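In case you want the letters, here they are:
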Amino acid sequence: MAHGTKTAASGSDGLRAAVCDAARAAGWPPPTWLATSELDPGRVLAQQAVKDGAELVVACGGDGTVSSCAEGLAGSGVPMAVLAVGTGNLIAANLGIPTDLRSALEAMTRGTDRPIDVGRYGGGLVVGMAGIGLDAAMVADAPAWLKRHLGWSAYAVSILRHLGDRGIGVTLELDGVRHARRRVRTLVIGNFGTLRGGIKLLPDARVDDGLLDVVLLAPRGFLGWLPVAARLAARRGESTGAVERFQARHIVVRTRRPVHREVDGEMLRRSRVLDVTVDPGALLVRVPRPGG
C-alpha cells in the first residue's frame, strides 16, 4: 500500500490495534485512523482520504457508517473494506463480508475488489436499502441505548410497536412510467434483498445487475401481517395482493403526505418523495476471495 490505508471508524482501542496489526502483518505502512462523528459519519473523511492518496478505506461500524463512507468513495476507484461492528450490519452480510473480526481483517488484507451498484437520491447514496412506512418507523423508534443493550433485537421490539400503524398512500413510478397507486404499510427499495435470519425480502435483487428492486407490503389489518410474514419466510418471490415486487433503474415513490424515510438504517427528514436512481458499478468493495 504505497499511499497507506485510511480507516474511518468510531471503534475501541482494541479494534484499532487489531487493524494496525493486520496491516503490519500484510506488509502495509501504518494506517491513518480517522474518527467519525455525528457531524461527519464518514463521507467527508473518505473524500479526504481519496485526496490524500489512500489506496484503501476501511469503514469500521454499522450500516450507517459504511453507507456514509461509500458516499465519499463512489466513483473514485478507491476500494472500501468493511469491519462490521454495528447493530444491523446488513451491508456486510449481503456482500459476504464476515462479521467476526479475524475473518473480516483477512478479507481486508487478502480479499478482492468487487464493483457493485449503488442508488443515488438527492445528494445521498443507497448501498443497501431505503424505505418508508414500517421500515422507517422501525429505525426511527429504535433508540441508541436500546440498540447498545439489545443489538438487532432492538429493531424487533420497534417493529412490534408499529405493526398496527395506518397505511400510506403511494404512487410508484418506474423508469419514468407511473406503474401503481397503492395504500401500503411499508415500501422498500433495495440494491440487495436479504434481511436478518436469511429472509429474502427482495429475492431477485443483485448488487451488480444494474437494477434496483422495490417491494410493496400491503397487509390488511394487524393479522394481515401473518400471511405476509409466512410468505417472506418461505422465500416465495411471486407477487400477490399484499406483496408486490418490481425492478427498474429509476424508482420514484410519491406519498400523499410527508413521511419518514430511512436509508441504510439512518433517518432522513420527512418528505413526500423518495427518488432513487441506480449508478451501476460505482463502488468498489473489498470482499473475501471466492473459496478463501
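To be clear, the structure that these remarks concern was listed above.
Residues numbered from 1 in each chain as written. Predicted model: local features only at pLDDT ≥ 70, side-chain atom pairs only at ≥ 80, totals over all residues. Heavy atoms only, no water.

Chemist: Please clarify how the overall build of the protein chain should be interpreted in this entry.
Modeler: Tallying secondary structure elements over the protein chain gives 9 helices and 14 strands in all. A buried classification covers 51% of the 292 residues belonging to the protein chain. Of all intrachain contacts in the protein chain linking residues separated by at least 6 positions in sequence, the fraction that spans at least 24 positions is 71%. Approximately 13,400 Å² of the protein chain is accessible, and the part contributed by carbon and sulfur atoms is 51%. (Helix = DSSP H or I, 4+ residues; strand = E, 2+ residues; numbered from the N terminus. Buried < 20%, exposed > 50% of the residue type's maximum accessible area, 1.4 Å probe, protein only. Contact = heavy atoms within 4.5 Å. Areas by Shrake-Rupley, 256 points an atom, 1.4 Å probe, with all protein chains shown as cover.)

Chemist: How should unusual backbone geometry be read in this particular structure?
Modeler: Excluding glycine, a negative phi dihedral is what most residues carry, and trans is how most peptide bonds are arranged. For D175, which is not a glycine, the phi torsion comes out positive at approximately 50 degrees. Inspection of the secondary structure puts D175 in the loop between strand 8 (168-174) and strand 9 (177-184). For D264, which is not glycine, the phi torsion reads 50 degrees and is therefore positive. Inspection of the secondary structure assignment puts D264 in the loop between strand 13 (250-263) and strand 14 (266-287). For D264, a relative accessible area of 6% gives the class buried.

Chemist: Please clarify how helix 3 (residues 63-73) should be interpreted in this entry.
Modeler: Quick reminder: α-helices carry 3.6 residues per turn. Residues three or four places apart thus point the same way. A large share of helix 3 lies buried, amounting to 11 of its 11 residues. Residues of helix 3 that are buried: D63, G64, T65, V66, S67, S68, C69, A70, E71, G72 and L73. Trailing helix 3 by a residue or two, G75 shows a phi angle of about 85 degrees, which is positive.

Chemist: Any chance you could explain the packing of helix 1 (residues 13-25) against helix 5 (residues 101-110) here in plain terms?
Modeler: Packed helices, taken two at a time, are described by the angle their axes make and the gap between the axes. Here helix 1 crosses helix 5 at 40 degrees, and the two axes come no closer than 10 Å. Regarding the angle of helix 1 to helix 5, the classification is oblique. Considering only the axes of helix 1 and helix 5, their crossing is right-handed. Contact residues: helix 1 offers L15, A18, V19 and A22, while helix 5 offers L101, L105, M108 and T109. By residue class, the composition of the contact of helix 1 with helix 5 is 7 nonpolar, 1 polar and no charged. (Axes fitted to C-alpha atoms, helices over the stretch in contact; angles between N-to-C directions. Parallel < 35°, antiparallel > 145°, perpendicular 65-115°, else oblique. Left-handed = near helix turned anticlockwise from the far one by under 90°. Nonpolar A, V, L, I, M, F, W, Y, C, P; charged D, E, K, R; others polar.)

Chemist: I keep staring at helix 9 (residues 225-233) and nothing clicks. Help me out?
Modeler: Every buried residue belonging to helix 9 is among W225, V228, R231 and L232, and all of these are buried. The buried residues of helix 9 occupy an angular sector of 125 degrees when the element is viewed end-on, so they sit on one face. Turned more than 90 degrees away from the buried face of helix 9, the exposed residues are L226, P227 and A233. (Arc of directions from axis to C-beta.)

Chemist: When you look at the packing of helix 2 (residues 43-51) against helix 3 in this model, what are you seeing that I'm missing?
Modeler: Running from N to C, helix 2 and helix 3 cross one another at 40 degrees; their axes reach a closest spacing of 7 Å. When the axis of helix 2 is compared with that of helix 3, the two are oblique. For the pair helix 2 and helix 3, the crossing hand works out as right-handed. Contacts between helix 2 and helix 3 pair R43, A46, Q47 and V50 from the former with S68, C69, E71, G72 and L73 from the latter. Tallied by class, residues from the contact of helix 2 with helix 3 come to 4 nonpolar, 3 polar and 2 charged.

Chemist: Please explain the nonpolar core as it appears in this structure.
Modeler: Across soluble globular proteins, you tend to see nonpolar side chains buried next to one another. Ranked by size, the top nonpolar core spans 41 residues in total, and within it M80, L95, L217, L283 and V285 carry the most contacts. Here L283 is in contact with A70, L73, A74, M80, R114, P115, I116 and V118, once residues within four sequence places are set aside. Within the second largest apolar cluster, 25 residues are counted, among which are I132, I168, L172 and V214. (Core = buried A, V, L, I, M, F, W, Y, C linked by side-chain atoms within 4.5 Å.)

Chemist: Explain the pattern of salt bridges to me, please; I cannot follow it from the model alone.
Modeler: Two side chains with opposite charge may pair up if their charged atoms get near one another. Across all of its chains, the model carries 9 salt bridges by this definition. A salt bridge links R114 to D208, with the nearest nitrogen and oxygen atoms 3.2 Å apart. With a gap of 94 residues between them, R114 in strand 5 (residues 112-121) and D208 in the loop between strand 10 (186-190) and strand 11 (212-217) connect regions that are remote in the sequence. For R114, a relative accessible area of 29% puts it in the partly exposed group. (Salt bridge = Lys/Arg side-chain N within 4 Å of Asp/Glu carboxyl O.)

Chemist: When you look at the environment of V207 in this model, what are you seeing that I'm missing?
Modeler: Along the chain, V207 turns up in the loop between strand 10 and strand 11. The buried category is assigned to V207, whose relative accessible area is 7%. In this structure the C-alpha to C-alpha distance between V207 and G190, which are 17 residues apart in sequence, comes to 9.1 Å.

Chemist: It is not clear to me how the pairing of strand 11 should be interpreted in this structure. Could you clarify?
Modeler: For a regular strand, side chains alternate in direction, first toward one face of the sheet and then toward the other. Counting buried positions along strand 11 yields 6 of 6 residues, so the element is predominantly enclosed. Residues L212, V214 and L216 of strand 11 are buried on one face, and the alternating residues D213, V215 and L217, pointing to the opposite face, are buried as well. Pairing between strand 10 and strand 11: 5 bridges, direction antiparallel. Bridging across to strand 11, G190 finds its partner in D213. Of the strand pairs in this sheet, strand 11 and strand 12 (residues 243-248) are connected by 6 bridges, and their pairing is antiparallel. Residue pairing across strands places D213 opposite Q247, the latter belonging to strand 12. (Pairing = 2+ DSSP bridges.)

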